[in-house]
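The lines below spell out each chain.
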Amino acid sequence: MKIVACFKASPDAQDIQTLPDRTLNLERAASKIGTYDLNAIEAARQLADATGGTVVGLSAGGAALSNAKLTKDALSRGLDELVAVVDEALVSAEGYQTAQVLAGAVRDLGDVDLVLCGAGSSDVYAQQVGNQLGTILGWATLNGVDAISVEGDHLVVERPLEDAVQVVEVALPAALSLTSGINTPRIAGMKDILAAGKKPVRTLDAPALAPASATLVSQLAPEQVERRHIILEGSPADAAAELATYLKAL
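Since the model is a prediction, treat every value here as computed from it, not as a measurement. (Residues numbered from 1 in each chain as written. Predicted model: local features only at pLDDT ≥ 70, side-chain atom pairs only at ≥ 80, totals over all residues. Heavy atoms only, no water.)

## Digging into the pattern of salt bridges
Then, in step 1: Counted by the stated rule, this structure contains seven salt bridges.
Then, in step 2: Two residues, Lys 8 and Asp 123, come together in a salt bridge whose shortest N-O distance is 3.1 Å. Taken as a pair, Lys 8 in the loop between strand 1 (2-6) and strand 2 (9-11) and Asp 123 in the loop between strand 8 (114-117) and helix 4 (129-137) lie far apart in primary sequence, 115 residues in all.
Then, in step 3: By relative accessible area, which is 35% here, Asp 123 ends up partly exposed.
Then, in step 4: Of the charged contacts in the structure, one is a salt bridge between Glu 223 and Arg 22, with a shortest N-O distance of 3.5 Å. In this pair, Glu 223 is assigned in the loop between strand 14 (201-205) and helix 6 (236-249) and Arg 22 in the loop between strand 3 (17-18) and strand 4 (24-25), connecting sequence segments 201 residues apart.
Then, in step 5: Through salt bridges that share partners, Arg 45, Asp 49 and Asp 80 make up one connected network. (Salt bridge = Lys/Arg side-chain N within 4 Å of Asp/Glu carboxyl O. Helix = DSSP H or I, 4+ residues; strand = E, 2+ residues; numbered from the N terminus. Buried < 20%, exposed > 50% of the residue type's maximum accessible area, 1.4 Å probe, protein only.)

Have a look at this one:
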């Protein structure tokens, strides 16, 4: 089984500065693998180990993907190789554009059975790229996946609902977006880090971007307000009704 684990180089949240006008200053924020993307890498590694398969890390972004520390971190977490589509225009690309670029890279890789994405990126968290990527490829596509097992020539996945667990048989090839509860990402050991330096890394030029499906109007930190410490108790249905009543009164 050939598995692609997608990840994004996102600004480290602890280094982002909020300016007085509520705009964000990212100048001192180092890039790191998105927190939710680590779940995709770990799930891909576990499935590959169970099936004798391989894991290719795939990312699209700017110069951060050329950072040796970041690429080594990704490779040390279970990837067999890394493919990066690098273009500064991808830093500001919206979800549909990113999905188009990733889909093109997946096609170029060839013979891919499964693409895994995290629940969403650590910065924007739009939760759209995985679904759009699968749709563009024309593959079976599911999000909110909390467990995966291989059954012969297909997968069996679980998706948590409000009061039940949905079990779905999924034909391959497929594109799945995972919950953060699907696993606990491994912490790379010294042996993993040393081995990462010997794994292949390929850089691809980005194709011309598709027209954006959305335009970013503004990006501001929320206004700081004093917390009111209102606690809603009772069943989920009662608490939701009470919350709705409270919000209508604001």
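## Some details on the side chain of Asp 12
Then, in step 1: By the element assignment, Asp 12 lies in the loop between strand 2 and strand 3.
Then, in step 2: Apart from the residues within four sequence positions on either side, Asp 12 is in contact with Ala 29, Ala 30 and Lys 32. (Contact = heavy atoms within 4.5 Å.)

## Digging into helix 2 (residues 68-76)
Then, in step 1: Those residues of helix 2 lying buried are Leu 70, Thr 71, Ala 74, Leu 75 and Ser 76.
Then, in step 2: Buried-residue contacts for helix 2 involve strand 2, strand 5 (31-33), strand 7 (81-86), helix 5 (190-196) and strand 14.
Then, in step 3: For helix 2, the N-terminal capping position is held by Asn 67, with its side-chain oxygen 2.8 Å away from the main-chain nitrogen of Lys 69.
Then, in step 4: Just past helix 2, the residue Gly 78 takes up positive phi, approximately 125°. (Polar contact = N/O pair within 3.5 Å; in protein donor to acceptor, adjacent residues only side chain to side chain.)

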